[in-house]
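Coordinate inspection notes
So you can see what is in the structure, the chains are spelled out below.
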Amino acid sequence: MRGKDLFFASLGCAAWCALAGGAAGQAQPEIPAKTIETAAQLSQRALAGDWSYRFLESLTSEVGQRLAGTEAEARAAKWAVGKLRDAGLDVHTESFPMTAWIRGVETAEIVKPVPQRLVLTALGGSVATPPGGLEAEAVVFRTYSALLAAPPHALDGKIAVVTEHMVRAQDGAGYGAANPIRRAGPSEAARRGAVAYLHRSLGTDSHRLAHTGALNYADGAPRIPAAALANPDADQLERLAALGPVTIHVTLTPTENPNAQSITVVGELKGREKPDEIVLIGAHLDSWDLGTGAIDDGAGDAIVAGVGHLIAALPQHPRRTVRVVLFGAEEMDYSGAAYAKAHADEASKIVVAGETDFGARPIYEVKLPVAVAKTPFAHAFGDLLPPLHALLARDPALHGGSDIAELQQAGVPVVSMQQNGLDYFDIHHTADDTFDKVDAGELAQNVAIWAAFTELAADTDVDFRQTHNTGP
Ligand SMILES: [Zn+2]
C-alpha cells in the first residue's frame, strides 16, 4: 500500500446510518439460495487449499522483487500471465508509460561527534547526492510540525532530520497520519534551505531496517535527496543532537528512466448472462526492491488470483464478469490513474470494485458500499462471515485503495476488507518483506472472504451504486 489511503478513517455509525437511510427500502434482489451455497463452498475450498500460498511462494521466489517500470516488473507480468491462464482465466496485459526510479548506493554515517554508520534507504523518486555524497550539519526536529514552523532560510546548508514516530494501530491509521512526513517533508525542508532530508521511517518496528516509499516533490521547491532512517538510528540522532552539533555524511545515487513502461495484468471470467457488468477485484503486482514484496502486495495478488482460480473451476461462470486486475506501478503512484484513464468508458459497467493491499493477516471486518446496507445482499454475505472470524462493519466503505481510487471518483462503488494491520508496518517497505512472514491459514481466510463476496456480487443483480434510487 502506498499511503494516502488511510486518511479516510471511518465516519462512524452516525454517517453510515444517515447514508443508509437513502438506500433503505430499495428493491434490491433476494439472493438465491444456490448462489449463497456456492459462495459458502468457495470459502470452504479456499480454506482447504493452498493455491494462493503456492502462488505467493512462486512469485516471491521465482520473480522476486518487482520494482515498477523495470525489467523485474516486466518479468513479473509475464509470470502472472502464465499463472492466471493456468488458473483458467482469459488474460491480457495493458501497459502505460512511466518514469522508473532505480535505487543506487545508499550509505550514511555520523561524522561528528561520534563516527557511526547510519542505516537508511532512499525514498522512491529521490534525486541523487553528488557521487561522493554530501556532508552537513543536521538539524533534528522531533515533530513534523516543528519543521513546518521553521522560517525560510532556517535550514540553509543543513540536513533536515524529522524524527516523529508513527503510531501502531490495527487499522493502519498511524500510516496515513504520518504519511506527509515522507511525501511532503523533502520539499518542505528544501523550501527552508535544506540540502538533504532524512526522516524516521514510517514503521512501527525497532529494528535497524529502513522503510522506503515514494516522495512527492512539490512544484517550485528545490529537489533535494531524501531518505528514511531506521528507527534506532533516528533515536541515536535525537540523543546526539540534544548534546550538541551533529555532522552527517550521506550518499545516495539513484537514477531515473523517463521512458519506462509499466504493465497491468488482467484475467477475466466472462459473465454467462451479463458480460458487460463487471465485478473488479485487484491488487498491485509491483513492489519495492528491498525485499521480495510478499506482504506488499504479493499477498494481495495471491488473494485475488486465488479467487479467480476458485471461480474458474465452478461448473459455470457467474452471471456477471469477474475481472482480476494485477496493477502495475502502484508504489510509484501510477496504477489507479492509469487504469481509470484507460477504462474511462467502462466506469458505469463496473458494478463494484475492491482491492487488497494490506498484507496477509486475517480480515476482521468488511465495509460494503452504502447502497447495499441492510439489503438481502448484506444479510447473505454477513451470515457467511462469522464462521470465517469476520464481521460486517457498521460503517460503509468510503475508500477502496489507491489502485481503484480514480475508479471510485468516476462513480464505481467500492468494498473494503479490513485486515489486522497491527504488525503490518513492522516490515512494510523494508528488506524484511519476505515470504516467510505470511501464514498460509491467514492468507486462506482472506481468499475465503473475497471469494464469497465476489461470487455473491457477480452471480446476482445487486445494485451497489449509491445513486441508483435518486438518479434521473
Ligand atoms: Zn502496496
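Note that the structure is a prediction, hence the values are computed from the model and not measured. (Residues numbered from 1 in each chain as written. Predicted model: local features only at pLDDT ≥ 70, side-chain atom pairs only at ≥ 80, totals over all residues. Heavy atoms only, no water.)

A short note on the overall build of the protein chain
Note the threshold: Strands here mean DSSP runs of E at least two residues long; helices mean DSSP runs of H or I at least four residues long; both are numbered from the N terminus. Radius of gyration here uses only the C-alpha atoms, and the compact-globule reference equals 2.2 Å multiplied by the residue count raised to the power 0.38. Only protein chains enter the accessibility calculation, which uses a 1.4 Å probe. A residue is then buried if its area is under 20% of the maximum for its type, exposed if over 50%, and partly exposed in between. By definition in these notes, contact holds between two residues if any of their heavy atoms fall within 4.5 Å. Here, Shrake-Rupley sampling with a 1.4 Å probe gives the accessible areas, and only protein chains in the shown set may cover a residue. Neither His nor the chain ends is counted toward charge; the positive residues are Lys and Arg and the negative residues Asp and Glu. For this purpose, a charge sits on NZ of Lys, CZ of Arg, CG of Asp or CD of Glu.
What the protein chain contains, in helices and strands, is 14 helices and 16 strands. In terms of overall dimensions, the protein chain is globule-like: its C-alpha atoms have a radius of gyration of 23 Å, near the 23 Å expected for 472 residues. Its C-alpha atoms put the protein chain at 70 × 45 × 40 Å along the principal axes. Taking all 472 residues of the protein chain together, 60% fall into the buried category. A separation of at least 24 residues holds for 85% of the contacts in the protein chain among residues at least 6 apart in sequence. When the accessible surface of the protein chain is split by element, carbon and sulfur atoms take 54% of a total near 17500 Å². Distance from the positive charge centre (38 side chains) to the negative charge centre (57 side chains) of the protein chain: 2 Å.

Re the sheet that holds strand S9 (residues 247-252)
Within a sheet, each strand pairs with its neighbour through backbone hydrogen bonds, oriented either parallel or antiparallel. Stated precisely, the cut-off is as follows: For two strands to pair, DSSP has to find at least two bridges joining them. Axis definition: a line fit to C-alpha positions, over the contact stretch in the case of helices; interaxial angles, taken between N-to-C directions, run 0 to 180 degrees.
With respect to topology, eight strands assemble into an open sheet ordered S3-S2-S9-S5-S6-S7-S8-S4, the strand pairing being mixed. Of all the strands in the sheet, just strand S3 (116-118) and strand S4 (120-122) have a single pairing partner and so form its edges. On average, each strand axis in the sheet is tilted by 30° relative to the strand beside it, whichever way the strands run. As paired strands, strand S2 (residues 106-112) and S9 are joined by six bridges and run antiparallel to one another. What sits directly across from Thr107, in S9, is Thr251.

Things to note about the sheet that holds strand S13 (residues 350-355)
If you trace the eight strands from one edge of the open sheet to the other, you get S1-S10-S12-S11-S13-S16-S14-S15, paired in mixed fashion. Looking along the sheet, the strands with just one partner apiece sit at the ends: strand S1 (90-102) and strand S15 (391-392). For strand S14 (residues 363-367) and strand S16 (residues 414-419), the ladder comprises four bridges, and the chain directions are antiparallel. Note that in S16 the partner of Lys367 across the bridge is Ser416. With respect to the sheet, helix H4 (residues 71-86) is in contact with S1, strand S10 (255-269) and strand S12 (320-327), its orientation differing from that of S10 by roughly 5°.

Considerations on the environment of Val111
Considering the arrangement of structural elements, one finds Val111 in strand S2. On the basis of relative accessibility, which here comes to 27%, the residue Val111 falls in the partly exposed class. Sequence separation between Val111 and His249 is 138 residues; the distance between their C-alpha atoms is 6.5 Å. If we ignore the near neighbours within four places in the chain, the residues touching Val111 are Glu135, Thr247, Ile248 and His249.

A word on the domain arrangement of the protein chain
We count it as follows: Residue ranges assigned to the domains are those given by an automatic or database domain assignment. Using a 1.4 Å probe, buried area is obtained as the accessible area two parts lose upon being combined, added over both of them. Salt bridges are identified by distance alone: a Lys or Arg side-chain nitrogen within 4 Å of an Asp or Glu carboxyl oxygen.
Assigned domains of the protein chain: these are domain 1 (4-97 + 259-458) and domain 2 (106-256). Using C-alpha coordinates to define each centre, domain 1 is positioned 34 Å away from domain 2. The partner domain 2 presents 26 residues to the 23 residues of domain 1 that form the contact. Where domain 1 abuts domain 2, roughly 1900 Å² becomes buried across the two surfaces, and 59% of that area is made up of carbon and sulfur atoms. Where domain 1 packs against domain 2, one counts two salt bridges.

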